[in-house]
Structure formats: C-alpha cells, structure tokens
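This is what each chain is made of:
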Number of protein chains: 2
Amino acid sequence: MRRDVFQAIADPTRRAIISLLALQAMTPNAIAEHFQSSRQAVSKHIQILSECQLVNQKQTGREIYYHFNAQKMKEVDVWMDQFRALWETRFSQLDNVLQNLKNKQS
Amino acid sequence: MRRDVFQAIADPTRRAIISLLALQAMTPNAIAEHFQSSRQAVSKHIQILSECQLVNQKQTGREIYYHFNAQKMKEVDVWMDQFRALWETRFSQLDNVLQNLKNKQS
DNA sequence: TCTTTTTGCAACCGTTTGATTGCAAATATA
DNA sequence: TATATTTGCAATCAAACGGTTGCAAAAAGA
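Residues numbered from 1 in each chain as written. Chains lettered and ligands numbered in written order. Predicted model: local features only at pLDDT ≥ 70, side-chain atom pairs only at ≥ 80, totals over all residues. Heavy atoms only, no water.

*Asks:* Is there a simple way to think about the protein's contact with DNA strand C in this case?
*Replies:* What surrounds DNA strand C is a group of 25 residues, the closest being Ser38(A), Lys44(A), His45(A), Arg62(B) and Tyr66(B). Taking the atoms of DNA strand C that fall within 4 Å of the protein, sugar and phosphate contribute 60% of them. Gln40(A) is positioned such that a nitrogen or oxygen atom in its side chain is 3.0 Å from a base oxygen of DNA strand C. At 2.9 Å from a base oxygen of DNA strand C is found a side-chain nitrogen or oxygen belonging to Arg39(B). Where the surface near DNA strand C is concerned, the elements lending two or more residues are helix 4 (39–51) of chain A together with helix 3 (28–32), helix 4 (39–51) and strand 2 (63–68) of chain B. (Near = heavy atom within 4 Å. Polar contact = N/O pair within 3.5 Å; in protein donor to acceptor, adjacent residues only side chain to side chain. Helix = DSSP H or I, 4+ residues; strand = E, 2+ residues; numbered from the N terminus.)

In structure tokens, the structure reads:
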C-alpha cells in the first residue's frame, strides 16, 4: 500500500478533490455532489488523501469536515526544485529558441 | 491507459530515472545499471515517460539517448500554483503557529 | 560472414487500483 | 421512540500496473 503524495495526486479525481478543499473545507457528501461517481468512491479517494496527510478531518457531530493540508503538498514542490533551474535560466530559454528553430527547419 | 505527467511521476523508479536524465542524457542500458530490476522493466518505465513527453529520444547508431524535457515537468508546477499561496503567505504561517499551539494544548 | 551488443516488443503473472453494491454505526430530527 | 441522515467499512469485479522471460531486429566489431 503505497501512500505518498505523488501517488495521491496521480488520480485526476483526487486532484479535483484537493482543488475543492484548498478553497474550502467540506464534508464527504458535499464533495461527492461535485462528481458523477458514487459517494463511496469519493470517500475512498478522501481516505487515500487522508492516509498521506494531504487532508485533515475535523468532526462536528455526525459531519466530518475535511481540510486541505498545504504543507504536505509542499513536498512535491521540494522535489521539483531540482528541475526548476532548467526552465527558469536564460540558458534553457535560449535552448528552447534554438530547438524551435531546428524543429521549423526539419 | 492514463499517460499524463502526474501518473508518470507517481512511481518512485520513474522519479529516479527522471532525476538521472535531468543531469545527463543516457541510453536505456546506462539507466538500467542504476537499478536492480531488469533492463526491460526500466525500458517500460522509459516508454511511459516518453509517451507523456517527459523525455525525448535521440538515436545515434544503435544507441538511443533519452533527454529530459523540463518544459513538460512545468505542467506540474503550473498546477501547484493554486496551492503555493497557501504556504507562502504570512497568513498561512500564522495559521501554522496557531495550529501548533493548539496541538500542544490538546 | 559470424558474433556480439543494444534495443524494443510480446506474452505472461501476481498485485494494486478505482469503481460498484450492500450494510452497519452514530447522530440528528419528528 | 421511530425515522432519516451522514459516514465508514467489507465484499466484489474488471482493468491497469509493474515486474519477469523470451525473442527478433538493427547496428557494430572480429
């Protein structure tokens, strides 16, 4: 059972759930209303997000509000640091210009 | 067959391959030497990376050099933009301080 | 030419994934 | 108390995943 952040954001439905919760904490039922699949299917996605701590839950009565945990998402950002220089430097921009010229020729 | 960038970086072996190729373009054999699994298994990972355009190939003779495509990785970075404000603003830092205090109390 | 090297592709196999349905527990409401 | 609502959990299933082995094609070297 791999339960890391990278595996969690691999599924498009889970990415959509994350985007929803980043705007506002919601209950499973409220989340499920945004999707066509069953409540249980959405609930399983939430469970996966919960296991890798991308979301936290706060129970009030019988309702459970799921909150997005931005700090966990930062782990992806940290991994991406090693590539960021490759598209931010002028060198790579120059490379792109040359590459585009080459593609137009061939 | 989902073949997007998010699915591609979900696997730890593929992430390692990407990190290797970001430093230097390599042939499948050279890549496979860095891992314990078979060359064919690594080759399948490369194929997936190739299908979602995270790597490009340049053939010279019978050798194929795989190059990392940073621009494609940028798609992940763009998706993360929506969350970046949540950990960079002073507001969220204040939230963390309050949260930590709350956790220590309970 | 014959052999070696490099690579991709197909077949197979056990495990995981993402979805479904059904059901039980806990809380709120009439 | 009886009923409705909210939620989680278990069982099931087809498809995808990640690995293996075997083999064929193309290029390089003896």
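*Asks:* Honestly, the relation of the copies chain B and chain A in this entry has me stumped. Any pointers?
*Replies:* Between the two chain copies there is a screw-like relation: a rotation about an axis and a shift along it. Overlaying chain B on chain A yields an RMSD of 0.1 Å, the required transformation being a rotation through 180 degrees with an accompanying axial translation of 0.0 Å. When the rotation and shift are considered jointly, the pair of chain copies conforms to a two-fold rotation axis. Closest approach to the rotation axis within chain B is made by the C-alpha atom of Ala10(B), at a distance of 3.0 Å. The share of interface residues of chain B whose copies in chain A are also at the interface is 96%, consistent with both copies meeting through the same surface. (Least-squares fit on C-alpha atoms with pLDDT ≥ 70 in both. Contact = heavy atoms within 4.5 Å.)

*Asks:* Explain the pairing of strand 2 of chain B here, please?
*Replies:* Regular strands place their side chains on alternate faces of the sheet. All names here are of chain B. Relative to strand 2, strand 1 (residues 55–60) runs antiparallel, the two sharing 6 bridges. In the sheet register, Gln59 faces strand 2, and the bridge partner there is Ile64. Here strand 1 hands over to strand 2 after 2 residues, with Gly61 in that stretch at a positive phi of 70 degrees. (Pairing = 2+ DSSP bridges.)

*Asks:* What should I look at first to understand the interface of chain B and chain A in this one?
*Replies:* Interfaces are often described in size by the accessible area the parts lose on coming together. Contacts between chain B and chain A engage 27 residues on the former and 28 residues on the latter. Between chain B and chain A lies a buried interface of about 2,500 Å² when both sides are counted; carbon and sulfur atoms form 65% of it. By the criterion of area lost to chain A, the three top residues of chain B are Arg15(B), Trp79(B) and Trp87(B), representing 23% of everything that side buries. For the pair chain B and chain A, the number of links is 4 salt bridges. The salt bridge involving Asp77(A) is made with Arg84(B); its shortest N-O contact spans 2.7 Å. (Buried area = accessible area lost by both parts, 1.4 Å probe. Salt bridge = Lys/Arg side-chain N within 4 Å of Asp/Glu carboxyl O.)

*Asks:* Help me understand the packing of aromatic side chains, please; the structure alone is not making it clear to me.
*Replies:* The relative placement of two aromatic rings is captured by the distance of their centres and the angle of their planes. By the definition in use, this model includes 6 aromatic pairs over all chains. The structure contains a cluster of three or more aromatic residues connected by ring pairs, namely Phe6(A), Trp79(A), Phe83(A) and Phe68(B). The ring of Phe6(B) carries the charged tip of Arg15(A) above its face, separated from the ring centre by 4.0 Å. (Phe/Tyr/Trp six-rings, centres within 6.5 Å; stacked < 30°, edge-to-face > 60°. Lys NZ or Arg CZ within 6 Å of the ring centre and 35° of its normal.)

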